[in-house]
Each structure stands twice: as structure tokens, then as C-alpha cells.
Amino acid sequence: MNMRSTRSTVTFLNPFSLPGYPGDLPAGDYEVLVEEELLQGLSFEAYRRTATYMTVRGRGGHAGRTELRAISDSDLKEALSRDRGATEKNNHSEAALSPQEDLK
């Protein structure tokens, strides 16, 4: 089975929360890792997403640690949308998703 990983950075301009995880995360840049598998038997190359993870840096007593948190694509999009809405309300700015970088 052929797999590929794609890494990107998302920027939150406001504190945010994710379903399934306690507490708010601070505003800032977060690395997102997407894993995909090659679909077999097609006449063209296509991939299917198998997992999405977000890297979260520890705070307080956990400073210096990083955690790779599983997250659904829809939860990530929803969190970014809420951040954009809060930012537009306050500053008329937007959170951004950087171009993806292939890690083949």
C-alpha cells in the first residue's frame, strides 16, 4: 500500500477549542499532518485521507512537550471558521491555511 503524508500550517488568531479535548488552545500557528493512501485499481492516481493530526505544544508543567492530536477534517475546518468569524467581528482579519507541502 502506498502512503503519503502532507504537512501544512494553520494559524488561529484567537484561542480555540477542539471537540474531544479539554480546555482552550492558545492562538498561534499549528502544524497539521494529513496521511493518505493511494487508491488501487484506478486509471489515474488518487488518494484517500486516512488520518489528520494537529501538533499541540505543551504549556505550564508540560512545557517542552508536543502532542500529536487526532482531529477530523470537519472539526479543523469548523474551528478555523469560528476563528475567522471571531476575527472578522473584532478586526476584519482572517485565519489562514498555508499551502501544503508534500513529504513523499
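How each quantity is defined
- Residues numbered from 1 in each chain as written.
- Predicted model: local features only at pLDDT ≥ 70, side-chain atom pairs only at ≥ 80, totals over all residues.
- Heavy atoms only, no water.
- Helix = DSSP H or I, 4+ residues; strand = E, 2+ residues; numbered from the N terminus.
- Buried < 20%, exposed > 50% of the residue type's maximum accessible area, 1.4 Å probe, protein only.
- Contact = heavy atoms within 4.5 Å.
- pLDDT = per-residue confidence, 0-100.
- Salt bridge = Lys/Arg side-chain N within 4 Å of Asp/Glu carboxyl O.
- Pairing = 2+ DSSP bridges.
- Phe/Tyr/Trp six-rings, centres within 6.5 Å; stacked < 30°, edge-to-face > 60°.

Undergrad: Would you explain the overall build of the protein chain in this entry?
TA: Summing up its helical and strand segments, the protein chain has one helix and five strands in all. The linear arrangement of helices and strands in the protein chain, starting from the amino end, is β-β-β-β-α-β. Out of the 104 residues belonging to the protein chain, those deemed buried represent 28%. Taking as baseline every contact in the protein chain between residues at least 6 positions apart, the subset at least 24 positions apart corresponds to 49%.

Undergrad: So what exactly am I meant to see when it comes to the confidence of the model for the protein chain here?
TA: Low pLDDT marks regions whose predicted coordinates should not be analysed in detail. The pLDDT averaged across the protein chain works out to 83; a share of 79% of its residues lies at or above 70. Per-element averaging of pLDDT across the protein chain places strand β5 (residues 101-102) at the bottom with 50 and strand β2 (residues 28-38) at the top with 95.

Undergrad: Looking at this structure, I do not really get the pattern of salt bridges. What am I missing?
TA: Side chains that carry opposite charge are capable of pairing whenever their charged atoms lie near each other. Enumeration over the complete set of coordinates arrives at seven salt bridges. R4 is paired through a salt bridge with E36; the nearest N and O atoms lie 2.7 Å apart. One end of the pair, R4, is in strand β1 (residues 3-12); the other, E36, is in strand β2, and 32 residues separate them in sequence. Between K77 and D73 there is a salt bridge, with the nearest N and O atoms lying 3.2 Å from each other. In this pair, K77 and D73 are both assigned in helix α1 (residues 73-90), four residues apart and thus about one turn of the helix distant. For D73, a relative accessible area of 23% corresponds to the partly exposed category. Shared partners join several salt bridges into a network, and the residues in it are R49, D73 and K77.

Undergrad: Could you clarify how one ought to interpret the pairing of strand β3 (residues 47-57) in this entry?
TA: Summarising the sheet, β2 and β3 pair through seven bridges and their orientation is antiparallel. Paired with V34 across the strands is T52, a residue of β3.

Undergrad: Quick question: what am I supposed to make of the packing of aromatic side chains here?
TA: Each aromatic ring pair is described using two quantities: the centre-to-centre distance and the angle formed by the ring planes. Going through the model one piece at a time under the given rule, you end up with three aromatic pairs. The interplanar angle of 10° and the centroid separation of 3.7 Å between the aromatic rings of F12 and F16 together place this pair among those described as stacked. Residue F16 is classed as buried on the basis of its relative accessible area, which comes to 4%. Between F12 and Y30, the aromatic rings sit 6.0 Å apart at their centres with planes inclined by 80°, giving edge-to-face as the arrangement. Highlighted residues: F12 in strand β1 and Y30 in strand β2, separated in sequence by 18 residues. In this pair, the class of F12 matches that of Y30, namely buried.

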